[in-house]
Amino acid sequence: MSAEQAAQHDPNVLQSAERPLAGKTAIVTGGSRDIGAAIVKNLALNGANVVFVYKRDDESANEVLESVAKTPGQVHAIKADLEKPEDRQASVNQAIEILGGKVDFLVLSTSGRSRKINQEASNDLIDRTLDHMNEGGTVLRMTSAIAHFGRLFENDPSIPKVYHKPAEAKNEEEESLRGRIEELKARKIRLIMVAPPAVPSRNLDLVNELTSRATGGASNAEDFHNPISDNLGLPRIVSQNEVGEKIVELLSNPDIESGYTELFSGVLDIQTELGRMYGVSQVYVNTLQMLEVQDGQRRGIGREIASFNQVTRPGEPGMVDEIWIDEVGSYIGSVVVNPEHASGHFRTESGLPQILPGHKQIRAAAEAIGMIEGIQGKHGDKVRIVGFESAEFTSVIPADGTSLHIIPRLNADGTYDVEIVKQEDRKVAAHIRGLRMVPAAESTDRVLLEDQIIEGACQTVGVLGANNTQVGKMPLLLRIGRTEFTDGAIGAGQGVSYDTLVRKDGKRYIKGSVRVYSEGNNIASIDEIEAVLVGREVASRLSNPPAHLR
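Quick summary incoming for the structure in this document. (Residues numbered from 1 in each chain as written. Predicted model: local features only at pLDDT ≥ 70, side-chain atom pairs only at ≥ 80, totals over all residues. Heavy atoms only, no water.)

Some thoughts on the overall build of the protein
At step 1: Of regular secondary structure, the protein possesses 15 helices and 23 strands.
At step 2: Relative to the globule expectation of 24 Å for 550 residues, the C-alpha radius of gyration of the protein, 27 Å, shows essentially globular dimensions.
At step 3: Projecting the C-alpha coordinates of the protein onto the three principal axes gives extents of approximately 95 × 55 × 45 Å.
At step 4: With 550 residues in all, the protein has 54% of them scored as buried.
At step 5: In the protein, the proportion of contacts linking residues at least 24 apart, taken out of those at least 6 apart, comes to 72%.
At step 6: Roughly 23,400 Å² of accessible area belongs to the protein as shown, and the carbon and sulfur atoms make up 47% of that amount.
At step 7: Distance between charge centres in the protein, computed from 60 positive and 77 negative side chains, equals 2 Å. (Helix = DSSP H or I, 4+ residues; strand = E, 2+ residues; numbered from the N terminus. Rg over C-alpha atoms; globule rule 2.2 N^0.38 Å. Buried < 20%, exposed > 50% of the residue type's maximum accessible area, 1.4 Å probe, protein only. Contact = heavy atoms within 4.5 Å. Areas by Shrake-Rupley, 256 points an atom, 1.4 Å probe, with all protein chains shown as cover. Lys, Arg positive; Asp, Glu negative; His and termini not counted. Charge placed at Lys NZ, Arg CZ, Asp CG, Glu CD.)

Encoded structure:
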């Protein structure tokens, strides 16, 4: 590690009390160039005293020091290799000494392709800085929109391999850091994630080169980034200085809650909060754009990108174990509901019970009808849903070995009414009316199923109706009204928009209607979704009632 360097400040430049960060102190990693340098400059311009750490580029570090000579904040540079634990310890000790023993902001801007420079280094730097941080301080981690939403592209063979390793490493790091929110909160320190889209930089130039090489010159990074940004409602590109200005804005605002993710577009990151409840693979809405309120209703657009894992459904069990015929000649489907059937609904860590969600009950009805019509020789055993008149959910189905009977009744008009009955207590768990089916084409093997689209709509209604994601609150689906699907199919990488209107009915009940679009086409219309928000205790009681009430 080399000796520390300081900016030579103009003695006529005074610290201004009007600057939003006047008197605050910050440590910034990776501060010698590109985004890191822009962060250092904006912090100093707004009054903060900054120590930045850089690895090797002395020339760039000196340029940063020269550029901040006439700013109100004092800036120092420390050369260190943050992949080395001894350098991390020495650089933190030196920075703390320079800053007078206390730190307000730890800005982690260094990143790379390995876990050492991401997860390991970030957590270690937090550990070494934590005892020196002021109450009300902030740990801010720079990531990117591509890295933040990287799980959407997991296992997708169409994505260049250059993205997989760094996205996986950054995702693991983000999950690790979010796991420390309660620990930080106990010290009155918050965590903020900043995830810009593409930013012109040397790193973007490198990714462009690697992408071009991986695709034989057929595409570059922007060809990959831009559709993702468009589908999630994000800007395609922001400048380095815009990132620096945004960080000053975030650090200056004490009302930003711990765990917040900044996406530079005004849209909310929904994937993170829903992922804490469901698991990312079961999140069908990634961002939410809040729009105008009209006649007591909230309007918003939930957006998602259909992932490769979602459309291929690897390892997901079927919703029907067998078809049999009862004593009066009616076909019945049976399934024993295990945790695998309810995977992601809800995560064990959420403290909410594992139950069979409503959309998978609809899938069970569709699978049973497909198998029955296949047995009857009408077509192969796969069908898709065209629509239904209503679906009512009247009893919670625990994913603990509960045995279900799926009982379709063919109507004169060719539609089906379906009852889903729990065999333990003979209670009707769901009643689906007017279910319309058609044989599935081969091309529907790798697309979102209709019930998955319904789940995306339900998640948007739940989040919008609650006005935020209430962790620990479980949106219990009560009813879905008239639902219609077009012939449109949604494959991996395609965007989906849920244009949603929601109104509250009392404190806990939510009702909403949704229009679903993809690639500019109307995919589905759902007239009404009704749900109730219940807490852990109520959810657990409903999913496991006392024996005398069963």
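Overview of the pairing of strand S16 (residues 402-410)
At step 1: Direction of pairing for strand S13 (residues 331-337) relative to S16: antiparallel, over a ladder of five bridges. Each bridged residue has a counterpart across the sheet, and for Gly333 the counterpart in S16 is Ile406.
At step 2: Here S16 folds back onto strand S17 (residues 416-422), and the loop between the two strands holds five residues, one of which, Gly414, carries a positive phi near 90 degrees. (Pairing = 2+ DSSP bridges.)

So, empty space enclosed by the protein
The rolling of a water-molecule-sized probe over the atoms marks out the regions of remaining empty space.
At step 1: Using the criterion set out here, one finds four cavities of 30 Å³ or more in the structure.
At step 2: Looking at the second largest cavity, its volume works out to about 50 Å³.
At step 3: Considering the residues around the second largest cavity, the lining is formed by Ile27, Thr29, Val53, Leu82, Ser91, Val92, Leu106, Leu125 and Thr129.
At step 4: Residue classes in the lining of the second largest cavity are distributed as six nonpolar, three polar and no charged. (1 Å grid on protein atoms, 1.4 Å probe; cavity = no way out; pocket = protein on both sides within 12 Å on 5 of 7 lines; lining within 4 Å. Points joined across faces, edges and corners; volume = space filled by probe spheres on them. Nonpolar A, V, L, I, M, F, W, Y, C, P; charged D, E, K, R; others polar.)

Some remarks on the packing of helix H13 (residues 358-375) against helix H14 (residues 450-466)
At step 1: As a packed pair, H13 and H14 sit with axes 9 Å apart at the nearest point and diverge in direction by 165 degrees. As far as their axial angle goes, H14 and H13 are roughly antiparallel. The hand of the H13/H14 crossing is right-handed. Contacts between H13 and H14 involve His359, Lys360, Ile362 and Arg363 on the former and, on the latter, Asp451, Gln452, Ile454 and Glu455.
At step 2: Residues belonging to the contact of H13 with H14 are distributed by class as follows: two nonpolar, two polar and four charged. (Axes fitted to C-alpha atoms, helices over the stretch in contact; angles between N-to-C directions. Parallel < 35°, antiparallel > 145°, perpendicular 65-115°, else oblique. Left-handed = near helix turned anticlockwise from the far one by under 90°.)

What about the nonpolar core?
At step 1: Among the nonpolar cores identified, the biggest contains 66 residues, and Ile362, Phe388, Val418, Leu435 and Ile480 are the most heavily contacted of them.
At step 2: Here the element with the most residues in this core is H14; it accounts for eight residues.
At step 3: Filtering out sequence-adjacent residues up to four positions away, Val418 remains in contact with Ala365, Ile369, Ile406, Ile407, Pro408, Ala430, His431, Ile432 and Leu435.
At step 4: Of all hydrophobic cores here, the second largest spans 34 residues; its members include Val28, Ile35, Ala61 and Leu250. (Core = buried A, V, L, I, M, F, W, Y, C linked by side-chain atoms within 4.5 Å.)

Some remarks on the packing of aromatic side chains
At step 1: Counted by the stated rule, this structure contains two aromatic pairs.
At step 2: Consider the rings of Phe52 and Tyr54, whose centres lie 6.2 Å apart with planes at 45 degrees: the pair is tilted.
At step 3: By relative accessible area, which is 3% here, Tyr54 ends up buried.
At step 4: With centroids separated by 5.6 Å and ring planes inclined at 65 degrees, the aromatic side chains of Phe153 and Phe224 adopt a geometry described as edge-to-face. With a gap of 71 residues between them, Phe153 in the loop between helix H5 (145-148) and helix H6 (164-178) and Phe224 in helix H9 (residues 221-232) connect regions that are remote in the sequence. Both residues of the pair, Phe153 and Phe224, count as buried. (Phe/Tyr/Trp six-rings, centres within 6.5 Å; stacked < 30°, edge-to-face > 60°.)

The quantities given are spatial measurements derived from coordinates; they are silent on function.
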